[in-house]
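# Architecture at a glance
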Amino acid sequence: RRKRQRFVDKNGRCNVQHGNLGGETSRYLSDLFTTLVDLKWRWNLFIFILTYTVAWLFMASMWWVIAYMRGDLNKAHDDSYTPCVANVYNFPSAFLFFIETEATIGYGYRYITDKCPEGIILFLFQSILGSIVDAFLIGCMFIKMSQPKKRAETLMFSEHAAISMRDGKLTLMFRVGNPPTSHMVSAQIRCKLLKSRQTPEGEFLPLDQLELDVGFSTGADQLFLVSPLTICHVIDAKSPFYDLSQRSMQTEQFEIVVILEGIVETTGMTCQARTSYTEDEVLWGHRFFPVISLEEGFFKVDYSQFHATFEVPTPPYSVKE
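What counts, and where the lines are drawn
- Residues numbered from 1 in each chain as written.
- Predicted model: local features only at pLDDT ≥ 70, side-chain atom pairs only at ≥ 80, totals over all residues.
- Heavy atoms only, no water.
- UniProt positions renumbered as here; feature names shortened; annotations may be inferred.
- Helix = DSSP H or I, 4+ residues; strand = E, 2+ residues; numbered from the N terminus.
- Rg over C-alpha atoms; globule rule 2.2 N^0.38 Å.
- Buried < 20%, exposed > 50% of the residue type's maximum accessible area, 1.4 Å probe, protein only.
- Contact = heavy atoms within 4.5 Å.
- Areas by Shrake-Rupley, 256 points an atom, 1.4 Å probe, with all protein chains shown as cover.
- Lys, Arg positive; Asp, Glu negative; His and termini not counted.
- Charge placed at Lys NZ, Arg CZ, Asp CG, Glu CD.
- Domains from an automatic or database assignment.
- Core = buried A, V, L, I, M, F, W, Y, C linked by side-chain atoms within 4.5 Å.
- Phe/Tyr/Trp six-rings, centres within 6.5 Å; stacked < 30°, edge-to-face > 60°.
- Expected span 1.5 Å × (residues − 1).

As recorded in an unreviewed UniProt entry, the protein chain goes by G protein-activated inward rectifier potassium channel 1 and comes from Aptenodytes forsteri. The record in UniProt for the protein chain states the following under Subcellular location (unreviewed entry): "Membrane". Per its UniProt entry, the protein chain bears the Sequence similarities (unreviewed entry) comment "Belongs to the inward rectifier-type potassium channel (TC 1.A.2.1) family. KCNJ3 subfamily."

See below:
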């Protein structure tokens, strides 16, 4: 059979490309800050360096133009003449004066005088513009560095899901884990079943989304994710897998998307991790190996068995059958 195209990769990346949006550039520019944060690091660094370089050269040119228009460049070494900016006699010296002003290094050899109202106005404009550029670019870099995406990559999902009996009911199971020492506060898990279907009216839905109950009614979807947990979906009359059997799995095509959300304890930022299981990654008649053992004074988690499963006796029939 033809393999189904994944909607969500195992690493959580969504295989969706948007095209023909209409006014795509204006959509990105309308939220420029978020657009810059979402860019890759190499583009962020390029824009960061380019913006500062252009702004510095522009403002240094403005100081040089003022000195040129006033004739200060020709009288830079005349002790009896009061220029707009002392000791600015060419473009490099104007650039150094701007850097001293922008970086608040302090004035020593070059300084602005009170005989230049246009220079005072330019100084105020430079201070306002510099504050805006610093707040925008430095804020963008800070938000990008503090994004919880890397924290989401540390969360673990089992490579396979398993179907077997638990508490006398046929159950779909998979495992989640949180190896780092920082906890996930208010962790919650959701599951979506993606499956194509055709409506009675003849409409074809390639990505019909159905909810898989993993404990919403009982509160079991709220996780205390300190050690690896096995997430269970009971297959009953309300489940989309009500008529799924071991034999029908060989012809079915579906994808189970798992979404784990929580708050990173150390930063207080919301983190989301995703993965998916296709029909080839659901093992019928398997159960996960236990990974928690009691040691002297603590519980030990063996992550070498995190993905391991073993076969157990399981009826090959569907719940409906």
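Next, the rest of the story.
## Quick word on the overall build of the protein chain
Within the protein chain, the secondary structure is distributed over six helices and 14 strands. In summary, the protein chain has a C-alpha radius of gyration of 31 Å against a globular reference of 20 Å for 321 residues, an excess of more than 25%. Expressed as a percentage of the 321 residues in the protein chain, the buried residues total 35%. Contacts spanning at least 24 positions in sequence make up 66% of the contacts within the protein chain whose residues lie at least 6 apart. Just so you have it, the protein chain exposes about 19,600 Å², and 59% of that area is on carbon and sulfur atoms. Each charge class in the protein chain can be summarised by its mean position, and for the 31 positive and 35 negative side chains these summaries are 5 Å apart.

## Details of the domain arrangement of the protein chain
Each domain of the protein chain was delimited in the assignment, giving domain 1 (24-146) and domain 2 (150-311). For domain 1 and domain 2, the distance between their C-alpha centres works out to 54 Å.

## Looking at the nonpolar core
Counting residues in hydrophobic clusters, the biggest one holds 33 residues, and the most contacted among them are Ile 163, Phe 174, Ile 189, Phe 241 and Ile 256. Within the residue set of this core, elements represented by two or more residues are β2 (161-166), β3 (169-177), β4 (184-198), β8 (255-264), β9 (270-278) and β10 (282-284). The element contributing the most residues to this core is β4, with five residues. With near-sequence residues (within four places) excluded, Ile 189 lies in contact with Phe 174, Val 176, Val 214, Asp 221, Leu 223, Ile 231, Val 258, Ile 259 and Leu 260. Counting 14 residues, the second largest nonpolar core, distinct from the first, contains Ile 66, Ala 67, Val 85 and Phe 98.

## Considerations on the packing of aromatic side chains
Across all of its chains, the model carries nine aromatic pairs by this definition. With a centroid separation of 5.4 Å and 15° between ring planes, the pair formed by Trp 64 and Tyr 68 is classed as stacked. Pair noted here: Trp 64 and Tyr 68 are both in helix α3 (residues 41-70), with a separation of four residues, about one helical turn. Of the residues examined, Trp 64 reaches a relative accessible area of 29% and is grouped as partly exposed.

## Overview of helix α5 (residues 117-145)
If you check α5, its first and last C-alpha atoms are 42 Å apart, about what 29 residues at 1.5 Å a residue would give, namely 42 Å. Packing partners of the buried residues in α5 comprise α2 (32-38), α3 and α4 (91-102).

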